[in-house]
Amino acid sequence: MAAAAKISTKTLKLNTGATIPVIGLGTWQSPDEECYSAVLSALHAGYRHIDTARIYQNEEAVGKAVAQYLKESGTSRDKLFITTKLWCSEVQDPEKALKESLERLNLEYVDLYLMHWPVSMVNRGDLFPKTASGTTEIIPFDKWNYVETYKIMQKLYKAGLTKAIGISNFNIPKIDYLLAQSGVDVVPACLQVEIHPYLPQFDLVDYCTKKGILVECYSPLGSTGAPLLKDPALIKLGEKYGVSPACIAISWAVARDTIPLPKSVHEERIVSNLKVVDLADEDISLVDAVSKTTAKRLVKPEWGVDIFGDSAKL
Ligand SMILES: NC(=O)c1ccc[n+]([C@@H]2O[C@H](COP(=O)([O-])OP(=O)(O)OC[C@H]3O[C@@H](n4cnc5c(N)ncnc54)[C@H](OP(=O)(O)O)[C@@H]3O)[C@@H](O)[C@H]2O)c1
């Protein structure tokens, strides 16, 4: 059975009541020039959701492309969903960090502000502060941690600088710990984590669904070089539906009511990554089973703290 892929217009509802377009354009490792063209092409192709971050150092390019698109198309800002993220070395002053991001983006608000990692680095005006011995300079958990950061982010949400707040790279113990702290009264709207067929994160997705937290899938194609696209099961399913393995990976994420954020700087790929097919239940099960053969986490920064381990306290 070959089925033509169709542009996805699916949206999901955040716990704030706002809607989020289910596919977003990723922009990590999209340098300025390429990022501008990628975002502009994506918006013209029908994307309504762009994912950037302070650390990607392309917020200005994203902002310029958004402004250009709004001018060319007559679309209003509220039709777009723009996410940026608070970087680890700026966690002690999220208000300043968000205002600076907004200035770079040339926006009055973002739709989602995520804490990029549950990690607090010392602020020395350097995005990757180092100790004398060359390791990343982390603030000890008992001096400052993600709970303090999150409590300040709640104020930014209440002040309207961001329409929603969320977290990224948190696992179940850390979300449980965060939600149990006094003064934490806004449930994160989204969790952004690595998810693809080699790392499906079934338990984490179920947990978040129960808590009313939507899950965004970063590296949905396996990150740099899209290694997942060589997976035999995805290739076979692509042949069955007459689409690319990338389309199968993205369609699988959409079918799970998760939010894939495929990154590309090539117009043809950008256009095709927004198109999905309706996977039959048995084919969703086949993709679900891929991690039984190959299970891999691909994004594992080495900052000397155990980010993905079972302790809530790093
Ligand atoms: N919160 C976090 O800590 C975090 C971490 C990682 C990523 N993210 C977000 O998630 C986004 C996506 O993750 P990612 O960038 O790691 O990886 P990804 O989207 O899984 O894969 C990107 C790679 O796939 C290639 N590609 C894209 N579409 C393709 C297609 N149709 N066919 C063949 N190759 C294709 C891209 O190359 P070209 O660009 O050359 O086309 C690039 O090399 C990021 O950009 C970022 O916005 C967040």
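Model, not experiment: these values are computed from the prediction.

### Details of the site of the ligand
Looking at the ligand, there are 30 residues lining it, with D51, L221, S223, S264 and R269 nearest. H116 is positioned such that a nitrogen or oxygen atom in its side chain is 3.2 Å from an oxygen atom of the ligand. Within the side chain of S219, one N or O atom sits 2.8 Å away from an oxygen atom of the ligand. When the ligand sits alone it has 910 Å² of accessible area, and the protein chains cover 91% of it. More than half of the atoms belonging to the ligand lie within 2 Å of the grid points that define the largest pocket. Classifying every residue of the shell around the ligand by side-chain character gives 12 nonpolar, 14 polar and four charged.

### Topic: a negative patch on the surface
Together, D32, E33, E34 and E60 give the surface a local cluster of negative charge. Considering every element that reaches the negative patch, the biggest residue donor is helix α1 (residues 32–45), with three residues. Here E34 falls in the partly exposed class, since its relative accessible area comes to 40%.

### Some points on the packing of α1 against helix α2 (residues 59–73)
Relative to each other, α1 and α2 sit at 35°, their axes nearing to 8 Å. Pair α1 / α2 crosses with right-handed handedness. Between α1, through D32, C35, Y36, V39, L40, L43 and H44, and α2, the contact on the second element is made entirely by A61, V62, K64, A65, V66, Q68, Y69 and E72. Counted by class, the contact of α1 with α2 contains 10 nonpolar, two polar and three charged residues.

### Here we look at the environment of D310
Structurally, the position occupied by D310 is in the segment after α11 (290–293). Relative accessible area serves as the criterion here: at 68%, D310 is assigned to the exposed category. Taking the C-alpha atoms as reference points, D310 and I172, 138 residues apart in sequence, are found 8.2 Å from one another.

### With respect to helix α5 (residues 172–180)
Quick reminder: α-helices carry 3.6 residues per turn. Residues three or four places apart thus point the same way. Every buried residue of α5 is accounted for by K174, I175 and L178. End-on view of α5: buried residues confined to an arc of 100°, all on one side of the axis. Looking at the packing, one finds that the buried side of α5 touches α4 (146–158), β8 (165–168), β9 (190–194) and α6 (202–211).

### With respect to the UniProt feature "domain: NADP-dependent oxidoreductase" (unreviewed entry) in the chain
The UniProt feature table records "domain: NADP-dependent oxidoreductase" (unreviewed entry) at residues 23–291. The span residues 23–291 is 41% helical and 12% strand by assignment, and the distance between its end C-alpha atoms comes to 22 Å.

### Section: α6
L204, V205, Y207 and C208 are the residues of α6 that are buried. Buried residues of α6, seen end-on, are gathered within an arc of 160° and therefore sit on one face of the element. With respect to the buried face of α6, the exposed residues turned more than 90 degrees away are D203, T209 and K210. Phi for G212, located one or two positions after α6, is positive at around 80°.

Cut-offs and rules
Residues numbered from 1 in each chain as written. Predicted model: local features only at pLDDT ≥ 70, side-chain atom pairs only at ≥ 80, totals over all residues. Heavy atoms only, no water. Near = heavy atom within 4 Å. Polar contact = N/O pair within 3.5 Å; in protein donor to acceptor, adjacent residues only side chain to side chain. Areas by Shrake-Rupley, 256 points an atom, 1.4 Å probe, with all protein chains shown as cover. 1 Å grid on protein atoms, 1.4 Å probe; cavity = no way out; pocket = protein on both sides within 12 Å on 5 of 7 lines; lining within 4 Å. Sits in = over half its atoms within 2 Å of the grid points. Nonpolar A, V, L, I, M, F, W, Y, C, P; charged D, E, K, R; others polar. Patch = residues over 30% accessible without salt bridge, like charges linked within 9 Å, V, L, I, M, F, W, Y side chains within 5 Å. Salt bridge = Lys/Arg side-chain N within 4 Å of Asp/Glu carboxyl O. Lys, Arg positive; Asp, Glu negative; His and termini not counted. Charge placed at Lys NZ, Arg CZ, Asp CG, Glu CD. Helix = DSSP H or I, 4+ residues; strand = E, 2+ residues; numbered from the N terminus. Buried < 20%, exposed > 50% of the residue type's maximum accessible area, 1.4 Å probe, protein only. Axes fitted to C-alpha atoms, helices over the stretch in contact; angles between N-to-C directions. Left-handed = near helix turned anticlockwise from the far one by under 90°. Contact = heavy atoms within 4.5 Å. Arc of directions from axis to C-beta. UniProt positions renumbered as here; feature names shortened; annotations may be inferred.

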